[in-house]
Amino acid sequence: MKNTINTRYCPVLVTTIKGIFIVAGEYWEKADKNTTVQEVQSRWVPFISEAAKNKKEWSVLSSNKKDTYTVMSMNNKWSCTCWGAKRGVCKHIKEKQKV
Ligand SMILES: [Zn+2]
């Protein structure tokens, strides 16, 4: 059993003049000529960064109920897609910080 490939990108097989390689972004591994894409991808465990694991997202309705904004929290950094958030913390963010 070969070890898993823990990368952000799905690995693919690449044929070069130096042989066949399993490639996923920065990851390169020499493969033998019998290696199949199915085999490579069955070893793949998608890498999820700590920041992405801590990410939270909410859809909030604007006060006139015409727009929907997205409030996001990642590693305690807050953002919102409304105009108010461009100047700092908007009411949507405050609302979610209370929860
Ligand atoms: Zn907002």
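Asker: Which parts of the structure should I look at to understand the overall build of the protein chain?
Answerer: Of the regular secondary structure elements, the protein chain holds three helices and six strands. For the protein chain, the sequential pattern of α-helices and β-strands runs β-β-β-α-α-β-β-β-α. The C-alpha atoms of the protein chain give 22 Å as radius of gyration, which overshoots the globular expectation for 99 residues (13 Å, by more than 25%). The proportion of buried residues among the 99 residues of the protein chain is 11%.

Asker: Any chance you could explain the sheet that holds strand 1 (residues 12-16) here in plain terms?
Answerer: The strands that make up a sheet are held in pairs by hydrogen bonds between backbone atoms, and each pair lies either parallel or antiparallel. One open sheet accounts for three strands, arranged 1-2-3; its pairing is antiparallel. Taken across any chain shown, the strands that pair with only one partner, and hence form the sheet edges, are strand 1 and strand 3 (27-31). On average, each strand axis in the sheet is tilted by 35° relative to the strand beside it, whichever way the strands run. Bridge count between strand 2 (residues 19-24) and strand 3: five bridges; the pairing is antiparallel.

Asker: Just to check I follow, could you spell out the domain arrangement of the protein chain for this structure?
Answerer: Interface size, as often reported, equals the accessible area lost upon joining of the parts. When its domains are assigned, the protein chain resolves into domain 1 (1-47) and domain 2 (51-97). The straight-line distance from the C-alpha centre of domain 1 to that of domain 2 is 38 Å.

Asker: Sorry, what's going on with unusual backbone geometry here?
Answerer: Among all residues except glycine, the phi angle is most often negative; among peptide bonds, the trans geometry is most common. In this structure, Asn 75 is a non-glycine residue whose phi angle is positive, near 50°. Mapped onto the fold, Asn 75 is located in the loop between strand 5 (68-74) and strand 6 (77-80). The backbone phi angle of Asn 76 is positive, close to 65°, even though this residue is not glycine.

Asker: Explain the environment of Gln 41 here, please?
Answerer: Along the chain, Gln 41 falls in helix 1 (residues 37-42). Considered as a pair, Gln 41 and Ile 5 are 36 residues apart in the sequence and their alpha carbons are 8.5 Å apart. Beyond its immediate sequence surroundings of up to four residues, Gln 41 is in contact with Cys 10 and Pro 11.

Asker: Even after reading the chapter, I still don't get the pairing of strand 1, so can you show me in this structure?
Answerer: Each regular strand carries side chains that alternate between the two faces of the sheet. Where burial is concerned, little of strand 1 is hidden: zero out of the five residues are buried. When strand 1 meets strand 2, the two strands line up antiparallel, connected through five bridges. Bridged to Val 12 within strand 2 is Val 23. Remark: two residues form the turn of the hairpin made by strand 1 and strand 2, two consecutive strands paired antiparallel.

Asker: Help me out: how do you make sense of the sheet that holds strand 5 in this one?
Answerer: The sheet built from three strands is open, its strands ordered 4-5-6 with antiparallel pairing. Of all strands in the sheet, those bounded by a partner on one side alone are strand 4 (56-61) and strand 6. The sheet shows a mean angle of 15° between the axes of neighbouring strands, direction not considered. Sheet analysis places strand 5 next to strand 6, joined by four bridges and oriented antiparallel. Paired with Val 71 across the strands is Cys 80, a residue of strand 6.

Definitions and limits used
Residues numbered from 1 in each chain as written. Predicted model: local features only at pLDDT ≥ 70, side-chain atom pairs only at ≥ 80, totals over all residues. Helix = DSSP H or I, 4+ residues; strand = E, 2+ residues; numbered from the N terminus. Rg over C-alpha atoms; globule rule 2.2 N^0.38 Å. Buried ≥ 20, exposed ≤ 12 C-beta atoms within 10 Å, placed from the backbone. Pairing = 2+ DSSP bridges. Axes fitted to C-alpha atoms, helices over the stretch in contact; angles between N-to-C directions. Domains from an automatic or database assignment. Contact = placed C-beta atoms within 7 Å.

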